[in-house]
Structure formats: structure tokens, C-alpha cells
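# An overview of the molecular structure
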Amino acid sequence: MIKVKVNDKYNFEIDKNNDEIVINGAVVNADVKQLNASAYHIIDRLKSYNAEVVSFNTADKTAEIKVNNNVYTVSVKDQFDVLLDKLGLNNLNSTKVSEVKAPMPGLVLKVFVAEGSEVLKGDNLFILEAMKMENIIKAPADVTVKTVKIKPGDKVEKGQVLLVFK
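Throughout what follows, the structure given in this document is the object of discussion. Per chain, the residues get numbers from 1 upward, laid out in the order the sequence is written. At least 70 in pLDDT is required for a residue's local features to be given in this predicted model, at least 80 for side-chain atom pairs to be given and counted, and no such filter applies to totals for whole chains, interfaces and linings, which use all residues. Only hydrogens and water are set aside; all other atoms, that is, all heavy atoms of the structure, feed into the side-chain values.

### Some points on the overall build of the protein chain
Helix numbers and strand numbers start at the N terminus; a helix is a DSSP run of H or I with at least 4 residues, a strand a run of E with at least 2. Helix and strand content of the protein chain: one helix and 17 strands. Only C-alpha atoms enter the radius of gyration, while the globule expectation follows 2.2 Å times N to the 0.38, with N the number of residues. Relative to the compact-globule value of 15 Å for 166 residues, the protein chain shows a C-alpha radius of gyration of 23 Å, a clear excess of over 25%. Exposure is judged per residue with a 1.4 Å probe applied to protein chains only, and the accessible area is read against the type maximum: over 50% gives exposed, under 20% gives buried, and values in between give partly exposed. The buried share of the protein chain, taken over its 166 residues, is 22%. For the protein chain, contacts bridging at least 24 residues in sequence account for 40% of all contacts bridging at least 6. Surface accessibility in these figures is a Shrake-Rupley result with a 1.4 Å probe; residues are shielded only by whichever protein chains are displayed. Summed over its atoms, the accessible surface of the protein chain is roughly 11,900 Å², and 52% of this surface lies on carbon and sulfur atoms. Should any heavy atoms of two residues lie within 4.5 Å, those residues are considered in contact.

And the structure:
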């Protein structure tokens, strides 16, 4: 059994019994043909659908799927994910970060964030010049900036707190 959520709005439970697909308790007799690695043609109840997997994130178990030129965001949970949710162990891999410290002494060239900015993991935070090289420091997790303790032109020491997160 897997649980599927579409556009963070619609929930489906999907089971497979032998060769039958059961969605929310009802057997679905759709004809599904794979056209290539990411495209499918589906006929269900005399209606035709063209489906294409636009993007797929295996780590988050999410995908963007285009069906007849409408894009849907789909997230999937298998029986193990559901069990982890029930046990309260679903957020063990989320990173908690409260601050960013200078990884080396240097000169701040540019700051990309301001107080209150919501930043995603991998977004640029600031540029630090050290030993004539420009280093782009990126966000280690999804965070909201609480305090910016630097500005362009500041000299910083290794280990100095530069940004504080909520």
C-alpha cells in the first residue's frame, strides 16, 4: 500500500492485488502503455490521458507529472514512510541550523540575504574573499534569516558568527 498526495490537496491510497490496481478501495481497469522513459498513454473509462514525468526527486519521493498539459505535484509514501510517521520518526533527517560561521578569515564582498529572508538549502548567502579567491557560501538547510551580522567590506575571522537563523 502506498499513499499519494497530489498538489498537497488530494489524498489517494493505492494497492496492487495480483494484476489489479485498487485506488481508494475501487478497482481501476485502466489501459496503460509506456511510450518512452517518461511518457505514458492511459485510457480509463473511455477517456484518454497523456502523462509525462517532468521531474522526479528520489530523496523526497516527489515528482511533477504533466497530464494532458496540466502539471501536478505528487508526493508518495510507502508503508515504511507511513510507519515512521506513526512512530513520530519522520523528521530525523531534517537539518537544524542556528547560525553560519566564517569558514576562514577573509573579506565580505557581497551579502545576498537580509533579515527575515527565507532561504532554501543551497541558496547563496554571501561571498567571502580569502587568499585572493572568492568563495560563495551557501545555505546548509532551509532557514529564515534572523540576524545579518556582516556587510560588504567587513573583515571576518575564522569561526566568527556571520548569520543567525530562526
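Structure shown, so let's carry the discussion forward.
### Observations regarding the layout of surface pockets
Buriedness for pockets is judged along seven lines, at least five of which must meet protein on both sides within 12 Å for an open set on the 1 Å grid over protein atoms alone, while cavities are sets there where a 1.4 Å probe fits but cannot get out, and lining residues have an atom within 4 Å of a point. Grid points are joined across faces, edges and corners, and a volume is the space filled by probe spheres set on the points. The calculated volume of the largest pocket comes to roughly 1,400 Å³. In terms of lining residues, the largest pocket is bounded by 29 residues, among which I14, I23, I42, I65 and V67 are the most central. Mapped by element, the contributors of at least two residues to the lining of the largest pocket are β1 (2–6), β2 (10–17), β3 (20–23), β6 (39–44), β7 (47–57), β8 (62–67) and β9 (70–77). Here the element with the most residues in the lining of the largest pocket is β2; it accounts for five residues.

### Let's talk about the side chain of D81
With respect to the element layout, D81 can be found in helix α1 (residues 79–87). N or O atoms within 3.5 Å of each other form a polar contact, as long as, within protein, one can give a hydrogen and the other can take it, and as long as residues adjacent in sequence are counted only when both atoms are side-chain atoms. A polar contact is formed between the side chain of D81 and the side chain of K61, at a distance of 2.8 Å. Setting aside anything within four residues of it in sequence, one finds D81 in contact with K61 and V76.

### Section: the environment of V54
With respect to the helices and strands, the residue V54 is situated in strand β7. Sequence spacing of V54 and V27 is 27 residues, and the spatial spacing of their C-alpha atoms is 27 Å.

### Concerning unusual backbone geometry
With a phi close to 50°, D8 is a non-glycine residue in the positive phi region. When you line up the elements, D8 lands in the loop between β1 and β2. With a phi angle near 50°, N68 is a residue other than glycine that sits in the positive phi range. Along the chain, N68 falls in the loop between β8 and β9.

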